[in-house]
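Fold and geometry: a report
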Amino acid sequence: MKIACIGYRKWALNIYSELKSNFPDYEFLIQRSEEDFNELEIESFDPSIVLFYGWSKIIPNRLIQSYTCLMLHPSPLPKYRGGSPLQNQIIRGEIDSAVTIFVMDEGLDSGPILQQEYLSLSGSLDQIFERIESVGFNLTCQIFIEGLKGKAQKSSEATYFSRLTPDMSEITIQELMESNAEYLYNKIRMLQDPYPNPFIRIRDGKKLIIKAATIEDI
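Residues numbered from 1 in each chain as written. Predicted model: local features only at pLDDT ≥ 70, side-chain atom pairs only at ≥ 80, totals over all residues. Heavy atoms only, no water.

Some words on the overall build of the chain
- When helices and strands are counted, the chain shows 7 helices and 10 strands.
- Relative to the compact-globule value of 17 Å for 218 residues, the chain shows a C-alpha radius of gyration of 19 Å, a close match.
- Every one of the 218 residues in the chain was classed for burial, and the buried ones make up 46%.
- Look at the contacts in the chain between residues 6 or more apart in sequence, and 62% of them connect residues 24 or more apart.
- When the accessible surface of the chain is split by element, carbon and sulfur atoms take 49% of a total near 11800 Å². (Helix = DSSP H or I, 4+ residues; strand = E, 2+ residues; numbered from the N terminus. Rg over C-alpha atoms; globule rule 2.2 N^0.38 Å. Buried < 20%, exposed > 50% of the residue type's maximum accessible area, 1.4 Å probe, protein only. Contact = heavy atoms within 4.5 Å. Areas by Shrake-Rupley, 256 points an atom, 1.4 Å probe, with all protein chains shown as cover.)

Next comes the structure, spelled out in structure tokens:
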């Protein structure tokens, strides 16, 4: 079997490396950055499956139509379709989530679900990424072994959220005055590296970057 792996996020690349090590009889093509993305190379490789884990750029429809393309989405689809799924869940206080692997179609995160497993959103982003990596690897192994057995999503249960932009990383004076500690804690941890870190504008024109936070009772 030929597997093309397209990605640039560390956790996705770690999954690809583990898959290559654990399935020595499969042939792998791994493109490891946005700059490495090459449609012609993929077409020449002629893969059985294309993995677009953690990929947030536009994928040409001709690839989706020509190959079985799988996406890993860190949400309990059909809930939280769209961009920035981790951030949109964390800022809303969600703790119980899922890793979902689905077959891509021309819709927005709407294709048949192949595998879905629980994911905790507690702790730091690094801890969450480690869980995504572990769960994503195990689910992909199941797909390779059991085959492509998809289940249609219930569109009536779908929710959609837009991708966050860097300007949303600012913690405003209004947020500081009106928000509770949990909201501010969630905003800070959802924007830990590698995302644009949260910041407060200071009167001297500088930004105070906040890398981490904890909550303590007074």
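Remarks on the nonpolar core
- If you look at the biggest cluster of nonpolar residues, it comprises 38 residues, and the most contacted ones within it are Leu-19, Leu-51, Tyr-53, Leu-70 and Ile-132.
- Ranked by residue count, the leading element in this core is helix H5 (residues 125–146), at 10 residues.
- Residues contacting Tyr-53, with those up to four places away along its chain left out, are Ile-6, Gly-7, Trp-11, Ala-12, Ile-15, Tyr-16, Leu-70, Met-71, Leu-72, Ile-101 and Thr-140.
- Grouped together as the second largest cluster of nonpolar side chains are 18 residues, Ala-4, Ile-59, Leu-63 and Cys-69 included. (Core = buried A, V, L, I, M, F, W, Y, C linked by side-chain atoms within 4.5 Å.)

Things to note about helix H1 (residues 10–22)
- The first and last C-alpha atoms of H1 sit 18 Å apart over 13 residues, in line with the 18 Å expected at 1.5 Å per residue.
- Here H1 has its buried residues at Trp-11, Ala-12, Leu-13, Ile-15, Tyr-16 and Leu-19.
- In the core, the buried residues of H1 are packed alongside strand E1 (2–6), strand E2 (27–31), strand E3 (49–51), strand E4 (68–73) and H5. (Expected span 1.5 Å × (residues − 1).)

Concerning the packing of H1 against H5
- For the pair H1 and H5, interaxial distance at closest approach is 9 Å and the crossing angle is 40 degrees. Crossing angle aside, the handedness with which H1 passes H5 is right-handed. Contacts between H1 and H5 involve Trp-11, Asn-14, Ile-15, Glu-18, Leu-19 and Asn-22 on the former and, on the latter, Phe-129, Ile-132, Glu-133, Gly-136, Phe-137, Thr-140, Cys-141 and Phe-144.
- Residue composition of the contact of H1 with H5, grouped by class: 8 nonpolar, 4 polar and 2 charged. (Axes fitted to C-alpha atoms, helices over the stretch in contact; angles between N-to-C directions. Left-handed = near helix turned anticlockwise from the far one by under 90°. Nonpolar A, V, L, I, M, F, W, Y, C, P; charged D, E, K, R; others polar.)

Regarding helix H7 (residues 181–190)
- Among the residues of H7, Leu-184, Asn-186, Lys-187, Ile-188, Arg-189 and Met-190 are the ones counted as buried.
- Check the buried side of H7 and you find it contacts helix H4 (85–90), H5 and helix H6 (173–178).

Here we look at a nonpolar patch on the surface
- Taken together, the side chains of Ile-173, Leu-176 and Met-177 make up a nonpolar region of the molecular surface, amounting to roughly 340 Å² of accessible area.
- Relative to the helices and strands, Met-177 resides in helix H6.
- Residue class for Met-177 comes out exposed when judged on its relative accessible area of 69%. (Patch = residues over 30% accessible without salt bridge, like charges linked within 9 Å, V, L, I, M, F, W, Y side chains within 5 Å. Salt bridge = Lys/Arg side-chain N within 4 Å of Asp/Glu carboxyl O.)

Thoughts on the pattern of salt bridges
- For the structure on display, the rule yields 6 salt bridges.
- With a closest N to O distance of 3.0 Å, Glu-175 and Lys-187 form a salt bridge. On the criterion of sequence distance, the pair formed by Glu-175 in helix H6 and Lys-187 in helix H7 is long-range, its members being 12 residues apart. In terms of burial, Glu-175 and Lys-187 fall into one category: buried.
- Ionic pairing is found between Lys-211 and Asp-193, a salt bridge with its closest N-O pair at 3.4 Å. You can see Lys-211 sitting in the segment after strand E10 (207–209) and its partner Asp-193 sitting in the loop between H7 and strand E9 (199–201), a full 18 residues away along the chain.

What to know about the packing of aromatic side chains
- In total, this model carries 10 aromatic pairs according to the counting rule given.
- Considering the side-chain rings of Tyr-8 and Trp-55, the 5.4 Å spacing of their centres and the 65 degrees angle between planes classify their relative orientation as edge-to-face. A residue pair is termed long-range when its members are at least 10 positions apart, and Tyr-8 in the loop between E1 and H1 and Trp-55 in the loop between E3 and helix H3 (61–66) qualify at 47 residues.
- Under the relative-accessibility criterion, Tyr-8 is labelled partly exposed at 22%.
- Ring geometry for Phe-23 versus Phe-144: centroids 5.1 Å apart, planes at 80 degrees, classification edge-to-face. Taken together, the positions of Phe-23 in the loop between H1 and E2 and Phe-144 in helix H5 put the pair 121 residues apart, joining distant regions of the chain.
- Look at Phe-23 and you get buried, because its relative accessible area is 13%.
- Connected via pairs of aromatic rings, a cluster forms that spans Tyr-8, Phe-37, Phe-52 and Trp-55.
- Positioned above the aromatic ring of Phe-45, the side-chain terminus of Lys-2 is 5.4 Å from the ring centre.
- The positively charged end of Lys-207 is found above the aromatic ring belonging to Phe-199, 4.3 Å away from the centroid. (Phe/Tyr/Trp six-rings, centres within 6.5 Å; stacked < 30°, edge-to-face > 60°. Lys NZ or Arg CZ within 6 Å of the ring centre and 35° of its normal.)

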